[in-house]
Amino acid sequence: MEENSKTGMAEGYWLKQLSMSPYSGSMYHGSPLLLSILGPLTVKKIGGLSSDLLCSLVSVVADFISAILIRATGRSLVRAHLHNWKSLGLDKLIKHNEVVPSGDVAALVYLWNPFTIVSCIGFNTSPIENMFVIMSLYGASAGLVPLAAFGWVIASHLSLYPIVLVIPVIFLLGYGLDAPPRKLFVLNNLQIGEERSADHVELKSPSDKLSKTNFSWWRVIIFFLWASIWTSYVLILCAISMKEYGGLGAMFKRTYGFILAIEDLSPNIGVLWYFFAEVFDFFRNFFLIVFHVNILFMILPLAIRLNHRPCFLAFVYLAVSSMLKSYPSVGDSALYLSLLVLFVNELAEMQFTFFLFCGYVGISLLSPVMHNLWIWRGTGNANFYFATAMGYACFQIILVVESVSAMLNYDRKIRKLCNKV
């Protein structure tokens, strides 16, 4: 998409250099702060390096930082996975050499994913947005509240949709890392208490035994305080940057308003551009509300069912957002696919994995071919390209449904094992 590509950023920076609003053109609709930082790289050479190479290097650095944070988050999840099994008395049923180092695998998947490589070569802002999303999840999983708030605020500022990640972040800060349903820990604690009472042995630390069920409101309050501070800083800097070009009102209208109104119907890998190109203007506002609220309708049920697995919940939210967002890019898929790999141990029995892999490969090959036939050669039509977008959306739906089902089945499996033990 031109909105978050080098071309759009170059136009916005060029207009700003001419003392015009960076949003007076038709291409740039991103953050004014990002334009101030990366805009000069799109038109100038530094140290003999071309602007294309400089932009690609920025994407590579952002992706490497993201991979490091994914790896660290994955290692924390593996440690929590082993600790939870031990707390439930199931550690004898699992061998340490059978536990896949999901963090290392996820980092490699993110770095070598063709979607990630394409984003680096073409340079759009997706690698930078992904970096802040991962930073927020890492900060929350590691207990670094200021870092979690900073990543969430910047990610939401850059692309709006990561704002839904506030729920997984709250669960991470309140409950901790992914674990089996908390009811299992309560039942296990009660059984241990009954056994020790029968033996006239007192519990040493009841609070430790119930730590899996307590919610840390204090850390959540601190998170919102830090989020307010970072939001204030961002808005102040944006106001200073847009002081001569209409202020914050113009920025909100040309960034978030542009995302919500779906004004640009240029072809992309999503499905909304085709739908709103065909829909009658009389019904446009109605369907805008329907599509945007559709994301919100999924938030509460998923949060209720998966509140004990906040990192996995974040993956589901990102996958759903990438399907229904106004201007999706391949960088969105690179992000949620790498987060999915973090749960390779839990999703080992997931169905249709080979089918989904072949589907993603097929769509990745067919989509540019159909785009070329339609846009450049004129031998195809919009239906050819839109068919690949529909297929891509269907595969994403299957991926989300099957992964959630596999995770719930994994929780049922743990429950059965606890009952046997």
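The structure reproduced in this document is the subject of the present report.

So, how was this worked out
- Residues numbered from 1 in each chain as written.
- Predicted model: local features only at pLDDT ≥ 70, side-chain atom pairs only at ≥ 80, totals over all residues.
- Heavy atoms only, no water.
- 1 Å grid on protein atoms, 1.4 Å probe; cavity = no way out; pocket = protein on both sides within 12 Å on 5 of 7 lines; lining within 4 Å.
- Points joined across faces, edges and corners; volume = space filled by probe spheres on them.
- Helix = DSSP H or I, 4+ residues; strand = E, 2+ residues; numbered from the N terminus.
- Patch = residues over 30% accessible without salt bridge, like charges linked within 9 Å, V, L, I, M, F, W, Y side chains within 5 Å.
- Areas by Shrake-Rupley, 256 points an atom, 1.4 Å probe, with all protein chains shown as cover.
- Salt bridge = Lys/Arg side-chain N within 4 Å of Asp/Glu carboxyl O.
- Lys, Arg positive; Asp, Glu negative; His and termini not counted.
- Charge placed at Lys NZ, Arg CZ, Asp CG, Glu CD.
- Axes fitted to C-alpha atoms, helices over the stretch in contact; angles between N-to-C directions.
- Parallel < 35°, antiparallel > 145°, perpendicular 65-115°, else oblique.
- Contact = heavy atoms within 4.5 Å.
- Buried < 20%, exposed > 50% of the residue type's maximum accessible area, 1.4 Å probe, protein only.

1. Here we look at the layout of surface pockets
Thought 1: One number sums up the size of the second largest pocket: a volume of about 620 Å³.
Thought 2: In this structure, the second largest pocket is lined by 19 residues; those nearest its centre are Val109, Leu337, Leu340, Val341 and Phe357.
Thought 3: Listing elements by their share of the lining of the second largest pocket, those giving two or more residues are helix H4 (102-112), helix H5 (114-122), helix H17 (330-341) and helix H18 (353-377).
Thought 4: A per-element tally of the lining of the second largest pocket places H18 first, with six residues.

2. Remarks on a positive patch on the surface
Thought 1: Judged by side-chain charge, Lys183, Arg305, Arg412, Arg415 and Lys416 come together as a positively charged surface patch.
Thought 2: At three residues, helix H19 (residues 382-420) tops the list of elements feeding residues into the positive patch.
Thought 3: The topology assignment puts Arg415 in helix H19.

3. Quick look at the packing of H4 against H5
Packed helix pairs are characterised by how far apart their axes lie and by the angle those axes make with each other.
Thought 1: Two elements in contact, H4 and H5, have axes whose closest approach is 5 Å; the angle formed by their N-to-C orientations is 45°. If you check the angle between H4 and H5, you find them oblique. Contacts between H4 and H5 pair Tyr110, Leu111 and Trp112 from the former with Pro114, Thr116 and Ile117 from the latter.

4. With respect to the environment of His371
Thought 1: Its location among the elements puts His371 in helix H18.
Thought 2: On the basis of relative accessibility, which here comes to 24%, the residue His371 falls in the partly exposed class.
Thought 3: The contacts of His371, once residues within four sequence positions are left out, are Trp376 and Tyr385.

5. With respect to the side chain of Ser102
Thought 1: In this structure, Ser102 sits in helix H4.
Thought 2: In this view, Ser102 contacts Gly74, Val78, Val341, Leu342, Val344 and Asn345; residues no more than four positions away in its chain are not counted.

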